Amino acid sequence: MSGALALLREDLRDFAGYASARSARLSGRDWLNANEAPWPNPADAGGDNRRYPEPQPPALVAALARLYAVAPERLLVGRGSDEAIDLLVRAACRPGRDAVLVAPPVFGMYAVSARLQGAPLLEVPLVEGDDGFAPDFAGIERAARDGGARIVFLCSPGNPTGAAIASADVARLAAALRDRALVVVDEAYAEFSAMPSALGLLDAHDNLVVLRTLSKAHALAAARIGVAIGSADLIAVLRRCQAPYPVPAPCAELACAALSDAALAQTRERVAQVRAERERLTAGLQALPGVRRAYRSDGNFVLARFDDAEAAFSALLDAGIVVRDQRAAPQLGDALRISIGTPEQNDRVLAALAGAGIRAATARGAAVETP
Ligand SMILES: *Cc1c(COP(=O)(O)O)cnc(C)c1O
């Protein structure tokens, strides 16, 4: 048994899942085995949607495997990486026993999936230093062992911190937890980072899983296409735990078109533009009087601390700009997360905050010159 399989629930390792009409390898002229309609819906111009799709649409799997440079059998396509997160937790954790470990402040879905599965949640907070936030690897390793974690989620680049994790650190953790836990690296924002992807570590680490998505850099959040990439054994089990026809055909078609050479070239240009704007917005924020700290980010967003986050949040709202309030997150009581927009949108953010900075200073009684 491969290392990865041993980390999945024993009762699911040879679970066959649902035997869908598409999963039997049959051939014929008249397909009357799935209770599909014999005629297309009048609204279905192409007429292709009357049949159930392939559970893992082969053209899409092939295109994604090419994009991420991995073998197709190592890749599961799901409804966003959110579904992959949920499948991993369900496949690895026995309710009430096997824990999920997260390093907050971090993306909330890991904890939500753990909660839904009844898996204990272990939290090892990120540590803030001069370079921003970083995982406490020694603490993670200890807590994972002591608390019986079956999955450790790392988010790189981190949401909401923007900090990427070095491959060497991921590799060390995966090696340390080899026979104990899956190490899942959520790379939803990898395209925006110069840090090498953990995909390069997969061959050496059976217990490593990497999540990627078309939702962010590829601008297809509504299509809900995300992937888990890991050992072929583990991916096969996840496929059997997944809903019968998880990927809607129109979404698969759109995603395939988005992975054409021409579309990918445009996507790469957009990503470069976002990165340039990110540097400009970060510098602009750092120069504002009411901003305590704007973190260097490897994502398509910037996390910033404010003297008066409430004033900043409402000044932005007054200007019609909605950002993510992070104040309820641990360690982020004064922080907002701002997605990188178009240059015009980023200008509006800076302009609105320039006003808020003055207001915050006034509220503290600082001397402010007003005309
Ligand atoms: C946005 C985001 C996701 C969700 O991706 P989908 O593929 O749209 O489900 C996953 N992880 C992180 C860290 C995110 O920020």
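Cut-offs used in this document
Residues numbered from 1 in each chain as written. Predicted model: local features only at pLDDT ≥ 70, side-chain atom pairs only at ≥ 80, totals over all residues. Heavy atoms only, no water. Helix = DSSP H or I, 4+ residues; strand = E, 2+ residues; numbered from the N terminus. Contact = heavy atoms within 4.5 Å. Salt bridge = Lys/Arg side-chain N within 4 Å of Asp/Glu carboxyl O. Buried < 20%, exposed > 50% of the residue type's maximum accessible area, 1.4 Å probe, protein only. Pairing = 2+ DSSP bridges. Right-handed = clockwise from strand over helix to strand, strands pointing away. Near = heavy atom within 4 Å. Polar contact = N/O pair within 3.5 Å; in protein donor to acceptor, adjacent residues only side chain to side chain. Domains from an automatic or database assignment. Buried area = accessible area lost by both parts, 1.4 Å probe.

Quick word on the environment of Cys 155
Next up, step 1: Tracing the sequence through the fold places Cys 155 in strand 6 (residues 149-155).
Next up, step 2: Between the C-alpha atoms of Cys 155 and Asp 169, which are 14 residues apart in sequence, the distance is 13 Å.
Next up, step 3: Sequence-distant contacts of Cys 155, defined by excluding residues within four places in its chain, comprise Val 106, Tyr 110, Ala 163, Ile 165 and Asp 186.

Looking at the pattern of salt bridges
Next up, step 1: Counting across every chain of the model gives 24 salt bridges.
Next up, step 2: The partner of Arg 305 in a salt bridge is Glu 128, and the shortest N-O contact between them spans 2.9 Å. On the criterion of sequence distance, the pair formed by Arg 305 in strand 11 (residues 301-306) and Glu 128 in strand 4 (residues 127-129) is long-range, its members being 177 residues apart.
Next up, step 3: According to the relative accessible area criterion, Arg 305 is buried, its value standing at 10%.
Next up, step 4: Residue classification places Glu 128 among the partly exposed residues on the basis of a relative accessible area of 31%.
Next up, step 5: In this structure, a network of salt bridges that share partners links the residues Glu 128, Arg 292, Arg 293, Arg 305, Asp 307 and Asp 334.

Comments concerning the pairing of strand 7 (residues 182-186)
Next up, step 1: With five of its five residues buried, strand 7 lies for the most part within the structure.
Next up, step 2: Side-chain alternation along strand 7 places Leu 182, Val 184 and Asp 186 on one buried face and Val 183 and Val 185 on a second face that is also buried.
Next up, step 3: Of the strand pairs in this sheet, strand 6 and strand 7 are connected by five bridges, and their pairing is parallel. If you follow Cys 155 over to strand 7, its bridge partner there is Asp 186.
Next up, step 4: The β-α-β motif built from strand 6, the intervening helix 5 (residues 167-176) and the parallel element strand 7 has right-handed crossover chirality.
Next up, step 5: Both strand 7 and strand 8 (residues 208-213) contribute to a ladder of four bridges, which runs parallel. Paired with Val 183 across the two strands is Leu 208, which belongs to strand 8.

Here's the deal with unusual backbone geometry
Next up, step 1: A cis amide bond, omega 5 degrees, links Pro 104 with the succeeding residue Pro 105.
Next up, step 2: Going from Asn 159 to Pro 160, the amide bond is cis rather than trans, its omega being 15 degrees.
Next up, step 3: Looking at where Pro 160 falls in the secondary structure, it is placed in the loop between strand 6 and helix 5.
Next up, step 4: Its identity is not glycine, yet Ala 69 carries a phi of approximately 55 degrees, on the positive side.
Next up, step 5: Its location among the elements puts Ala 69 in the loop between helix 1 (58-68) and strand 1 (75-79).
Next up, step 6: For Gln 331, which is not glycine, the phi dihedral falls at a positive 70 degrees.
Next up, step 7: Structurally, Gln 331 can be placed in the loop between strand 12 (324-325) and strand 13 (335-339).

Some points on the site of the ligand
Next up, step 1: Contacts to the ligand come from 14 residues, most closely from Ser 81, Asp 186, Thr 213, Ser 215 and Lys 216.
Next up, step 2: Tyr 189 places a polar side-chain atom, nitrogen or oxygen, 2.6 Å from an oxygen atom of the ligand.
Next up, step 3: At 3.3 Å, a side-chain N or O of Lys 216 approaches an oxygen atom of the ligand.
Next up, step 4: Considering every element that reaches the shell around the ligand, the biggest residue donor is helix 2 (residues 80-92), with three residues.

What about the domain arrangement of the protein chain?
Next up, step 1: The domains assigned to the protein chain are domain 1 (3-259) and domain 2 (263-369).
Next up, step 2: For domain 1 versus domain 2, the separation of C-alpha centres amounts to 31 Å.
Next up, step 3: Taken over both partners, the interface formed by domain 1 and domain 2 buries close to 1,900 Å², and the fraction arising from carbon and sulfur atoms is 56%.
Next up, step 4: When the area that domain 1 buries against domain 2 is broken down by residue, the three leading residues are Glu 128, Pro 160 and Phe 192, summing to 31%.
Next up, step 5: Where domain 1 meets domain 2, there are two salt bridges.
Next up, step 6: Counting every contact that joins domain 1 to domain 2 gives ten residue pairs in polar contact (both at pLDDT 80 or more).

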